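Architecture at a glance
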Amino acid sequence: MRNRSHRSRAVLAVVAAAALLGTAACDSSAPGGTAKLRPSAKPAPVWDRSPHSMAAVGDSITRGFDACSVLSDCPEVSWATGSDPRVDSLAVRLLGSAGAAERSWNYAVTGARMADLPGQMARAATRRPALVTVMAGANDACRSSASAMTSVADFRAGFQEAMNTLRGALPKTQVYVSSVPDLKRLWSEGRGNPLGRQVWKLGICPSMLGNADSLNSAAVLRRGRVQDRVKAYNEVLREVCAKDRRCRFDGNAVFDCRFGTDQLSHWDWFHPSRDGQARLAEIAYRRVTAREPVT
């Protein structure tokens, strides 16, 4: 999520955002089938499992930051709209390679926080996509200190405004919302790597990763506050999405993903690697194409 001037807003490697140690460890297929509303005919489904176009909004994870080269976006490996066959992005899985090149758009911005999402959503709406993917929130928790994190109320207001912005322009566009990755697991996995610890000292997610070796009470309390805030953000995403019949939250699949260091960029030990991006794509595809949403 960041560039040289925004390291403190870098986001997680997901990235965890990635599903990381393997699809089985990070995800499971969504069960079930669509019930009939009346015995004589099937109703038109609210959720289209094969949308004809898509746009992505969010932060550096969706931009593929640090996945290809240091301190650089690499949108071709984006889990959402990338073209790299090793990632097999959501767009490629849904639209095919040619379709993804013509009918998918990436409006995510490295360093973005939830307050930036309404503007991204407005830009995405101009394309009139059938599906919009959302992955944002890690930068709201990854601040200079735990006290500088975005409040839950402001996070909710930003996400609700983004949804309202989309709905004002496109009432029927579908929305897939990814949970915020588990930043504490990122700390736990990466702290054993000497290079990773040195890179983190440059200012990557200080609220969670600062003084990575410290286990004193203040450090433990700080990390706990960040973890609790991420969980609260994910609850906001779930609640706001649940009020919209054309919105699907991932059921905390990204947050729950048991990723390892192979899924992290070896440039910063924070953002997702190509493999991490591929895991995120797999999680998203399962959720978007499931017959029923995760509850």
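Our subject is the structure that appears above.
Residues numbered from 1 in each chain as written. Predicted model: local features only at pLDDT ≥ 70, side-chain atom pairs only at ≥ 80, totals over all residues. Heavy atoms only, no water.

Some words on the overall build of the chain
Here is the rule: Helix and strand assignments come from DSSP, with helices taken as H or I runs of at least 4 residues and strands as E runs of at least 2, each series counted from the N terminus. Only protein chains enter the accessibility calculation, which uses a 1.4 Å probe. A residue is then buried if its area is under 20% of the maximum for its type, exposed if over 50%, and partly exposed in between. By definition in these notes, contact holds between two residues if any of their heavy atoms fall within 4.5 Å. Surface accessibility follows the Shrake-Rupley procedure with a 1.4 Å probe radius. Residue values consider only the protein chains on display as shielding.
Looking only at helices and strands, one finds 12 helices and six strands in the chain. A buried classification covers 56% of the 295 residues belonging to the chain. Of all intrachain contacts in the chain linking residues separated by at least 6 positions in sequence, the fraction that spans at least 24 positions is 77%. For the chain, the exposed area adds up to about 12100 Å²; of that, 50% sits on carbon and sulfur atoms.

Things to note about the pairing of strand β2 (residues 54–58)
To keep it simple, the criterion reads: Strands are labelled as partners when DSSP assigns at least two bridges between them.
With respect to burial, β2 is a largely interior element, five of its five residues being buried. Of the strand pairs in this sheet, β2 and strand β3 (residues 104–106) are connected by three bridges, and their pairing is parallel. The residue of β3 that forms the bridge with M54 is S104. Sheet topology note: the β2/strand β4 (residues 131–135) ladder contains five bridges and is parallel.

Section: helix α3 (residues 90–103)
Which entries qualify depends on this criterion: An expected span of 1.5 Å times one less than the residue number is assigned to each helix. We define the bend at any residue as the angle between the axes fitted to the seven residues before and including it, ending there, and the seven starting there.
In a regular helix each residue adds 1.5 Å, so 14 residues correspond to 20 Å; α3 covers only 12 Å between its end C-alpha atoms and thus falls short of that length. Of all bends in α3, the biggest is about 115 degrees, found at G96. Of all the positions in α3, only L90, A91, V92, L94, L95, G99 and A100 are classed as buried. Where α3 is buried, its residues meet β2, β3, β4 and α12 (274–289).

Considerations on the pattern of salt bridges
Quick reminder of the rule: When a carboxyl oxygen of Asp or Glu is within 4 Å of a side-chain nitrogen of Lys or Arg, the pair counts as a salt bridge.
Across all of its chains, the model carries 13 salt bridges by this definition. Among the ionic pairs, D84 bridges to R274, the shortest N-O distance being 3.0 Å. A residue pair is termed long-range when its members are at least 10 positions apart, and D84 in the loop between α2 (60–63) and α3 and R274 in helix α12 qualify at 190 residues. On the basis of relative accessibility, which here comes to 8%, the residue D84 falls in the buried class. Of the charged contacts in the structure, one is a salt bridge between D275 and R279, with a shortest N-O distance of 3.3 Å. Within this pair, D275 and its partner R279 are both found in helix α12, separated by four residues, close to a single helical turn. Through salt bridges that share partners, D88, R93, E282 and R286 make up one connected network.

Some details on the layout of surface pockets
Over the atoms, a rolled probe matching the size of one water molecule traces out where space is still vacant. Worth spelling out the cut-off: The method works on a 1 Å grid over the protein atoms by themselves. A cavity is a set of points holding a 1.4 Å probe that cannot get out, a pocket is an open set with protein on both sides within 12 Å along at least five of seven lines, and residues with an atom within 4 Å of a point line them. Grid points are joined across faces, edges and corners, and a volume is the space filled by probe spheres set on the points. Note that Gly is not counted as nonpolar here; it falls among the polar residues with everything else outside the nonpolar set of Ala, Val, Leu, Ile, Met, Phe, Trp, Tyr, Cys and Pro and the charged set of Asp, Glu, Lys and Arg.
A volume near 160 Å³ is recorded for the second largest pocket. Forming the boundary of the second largest pocket are D48, P51, H52, R128, P129, A130, L170, K172, T173, Q174 and R246. Counted by class, the lining of the second largest pocket contains four nonpolar, three polar and four charged residues.

As for α12
Helix length check: α12 (16 residues) gives 22 Å between terminal C-alpha atoms against 22 Å at 1.5 Å per residue, within 8%. In terms of burial, α12 is largely enclosed, as 12 of its 16 residues are buried. Among all positions of α12, only G276, Q277, A278, R279, L280, A281, E282, I283, A284, R287, V288 and T289 are buried.

Here's the deal with the state of the cysteines
Just so we agree on the cut-off: We call a pair of cysteine sulfur atoms a disulfide whenever their separation is within 2.5 Å.
Summed over the entire model, instances satisfying the criterion amount to three disulfides. Covalent S-S linkage joins C142 and C205, the inter-sulfur distance amounting to 2.1 Å. When the S-S torsion is -80 degrees, as for the bridge of C142 with C205, the disulfide is left-handed. One end of the pair, C142, is in the loop between α5 (138–141) and α6 (152–169); the other, C205, is in the loop between α8 (194–200) and α9 (206–209), with 63 residues separating them in the sequence.

All we've got here are geometric facts, nothing functional implied.
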